[in-house]
Amino acid sequence: MAEARIRLHGLTRTFDGGVGVRGVDLDVGAGEIHALVGLNGAGKSTLMRLLLGMLRQDSGTVRLDGRPLGSAPWSRLGHLIETPLAYGELTGRANLMLAARLHGVPASAAAPMVQRVLTELNLHPYAAIRARRMSLGNRQRLGLAAALQHDPDIIVLDEPTNALDPAGVISLREALVRRAAAGAGVLVSSHHLDEVARVADRITVINAGRTIGTLNPHGVDIEREFFALVRSDDERTAA
């Protein structure tokens with residue numbers, strides 16, 4: 001069996017008050033889009049921060065492309081967690097060029113790569129606009145472009161459709177499907193069940209820091225199934 005792009009085992013991190021993630025097992029295969037869904041505060045962002053090394057786990061392991069977190073292939077990873085990182089005084093194009101170089105892309109390859117992603121995510125009109133003058137939606141698209149432009153093998157996106165207009169959502173959806181088809185492993189969190197169902201190969205539900213079940217992306221009424229899972233888990237915990 002091929003090594004998963006992402007593999008989490010027993011991942012645990014607790015904070016004051018007990019909020020965090022508890023004993024999470026999760027994997028994302030090459031060529032797979034795996035969606036993580038849950039209500040606000042369920043632990044989605046915490047889990048993603050742990051697997052990216054932004055937070056340190058209390059216990060459990062993280063392996064990226066078969067390697068422990070300390071020796072992970074960071075140049076082959078693209079991520080966007082919550083707020084997109086963009087330098088306000090730099091233009092859209094300059095931000096993308098900088099992100100390319102930070103991912104180890106040679107200068108000779110960076111310019112055509114940036115040109116490609118500007119087209120892919122419909123950012124050409126904002127290439128010469130400073131990031132601080134962009135709308136929230138266009139800053140989000142800029143952050144996604146920076147995460148995806150180098151065609152990473154591992155993609156981790158937290159609520160990536162936030163602030164996107166319908167055209168931006170469609171562009172992102174197509175970009176993720178293309179990269180998964182090329183062999184990337186994609187982990188994406190969302191509370192928009194109808195949207196992730198359009199692209200996900202698997203959907204895992206997280207509640208109160210624990211994975212509590214899965215949903216069929218092709219199910220007839222996955223929203224009802226989702227709330228039934230969460231309600232059942234809440235009742236079981238309360239009992």
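Residues numbered from 1 in each chain as written. Predicted model: local features only at pLDDT ≥ 70, side-chain atom pairs only at ≥ 80, totals over all residues. Heavy atoms only, no water.

Details of the environment of A163
Where we set the bar: Under the DSSP-based scheme used, a helix requires at least four consecutive residues in state H or I and a strand at least two consecutive residues in state E, with every element numbered from the N terminus. It only takes one pair of heavy atoms within 4.5 Å for two residues to be counted as in contact.
One can find A163 in the loop between β7 (154-158) and α5 (166-181). Considered as a pair, A163 and S135 are 28 residues apart in the sequence and their alpha carbons are 9.1 Å apart. When near neighbours in sequence (up to four residues on either side) are disregarded, A163 contacts L136 and G137.

Observations regarding the pairing of strand β1 (residues 6-14)
The condition that has to hold: One bridge is not enough; two strands pair if DSSP finds at least two bridges between them.
Alignment of β1 against strand β2 (residues 20-28), held across six bridges, turns out to be antiparallel. Across the sheet, T14 pairs through a bridge with G20, a residue of β2. Two strands pair when backbone bridges link them, and β1 and strand β4 (residues 59-64) are joined in this way by five bridges, in the antiparallel orientation. Bridging from a neighbouring strand, T12 pairs with S59 of β4.

Some words on the packing of aromatic side chains
For clarity, the cut-off: We call Phe, Tyr and Trp rings a pair once their centres come within 6.5 Å, taking the six-membered ring for Trp, and we label the pair stacked below 30 degrees between planes, edge-to-face above 60, and tilted otherwise. For each residue, the accessible area found with a 1.4 Å probe, counting protein chains only, is set against the maximum for its type, and the residue is called buried under 20%, exposed over 50%, and partly exposed in between.
This structure, assessed with the given rule, holds one aromatic pair. Ring geometry for F226 against F227: centres 5.0 Å apart, planes inclined by 70°, an arrangement best described as edge-to-face. A residue is classified by how much of its surface remains accessible, and F226, at 4% relative accessible area, is buried.

Observations concerning the domain arrangement of the protein chain
Spelled out, the test is: Domain start and stop positions are those given by an automatic or database domain assignment. When a carboxyl oxygen of Asp or Glu is within 4 Å of a side-chain nitrogen of Lys or Arg, the pair counts as a salt bridge. Here a polar contact is taken to be a pair of N or O atoms separated by no more than 3.5 Å, where protein atoms must pair a possible hydrogen donor with a possible acceptor and residues adjacent in sequence count only if both atoms sit in side chains.
Looking at the protein chain, the domain boundaries give domain 1 (1-72 + 155-238) and domain 2 (77-151). A C-alpha centroid distance of 24 Å is found between domain 1 and domain 2. Taken together, the contact pairs 23 residues of domain 1 with 17 residues of domain 2. At the surface where domain 1 touches domain 2, the tally comes to four salt bridges. Between E82 and R49 there is a salt bridge, and its shortest N-O distance comes to 2.9 Å. On the surface where domain 1 and domain 2 come into contact, there are 11 residue pairs in polar contact (both at pLDDT 80 or more). Elements that contribute at least two residues to the side of domain 1 that touches domain 2 include exactly α1 (44-51), β7 and α5.

Considering the UniProt feature "domain: ABC transporter" (unreviewed entry) in the protein chain
As a reminder of what qualifies: UniProt positions are given in the numbering used here, feature names are shortened, and annotations may be inferred rather than shown by experiment.
What UniProt calls "domain: ABC transporter" (unreviewed entry) maps, in this numbering, to residues 6-233. Here residues 6-233 is 34% helix and 25% strand, with 26 Å between the C-alpha atoms at its ends.

Here we look at the sheet that holds strand β6 (residues 77-80)
Rules: Here an axis means a line fitted to C-alpha atoms, over the contact stretch when the element is a helix, while the angle between two N-to-C directions is reported on a 0 to 180 degree scale.
Taking strand neighbours across the sheet as the criterion, the six strands line up as β6-β7-β8-β3-β9-β10 in an open arrangement whose pairing is mixed. A single partner strand is all that each edge strand has here, and the edge strands are β6 and β10 (210-215). Strand after strand, the sheet turns through a mean of 15° between neighbouring axes, direction not considered. Bridge count for β6 against β7 is four bridges, and the pairing is parallel.

Quick look at the pattern of salt bridges
For the structure on display, the rule yields 16 salt bridges. Between E120 and R178 there is a salt bridge; the shortest N-O distance is 2.9 Å. Of this pair, E120 sits in helix α3 (residues 107-120) while R178 is found in helix α5, placing the two residues 58 residues apart along the sequence. Residue classification places E120 among the buried positions, given a relative accessible area of 18%. A salt bridge links D151 to R179; its shortest N-O distance comes to 3.4 Å.

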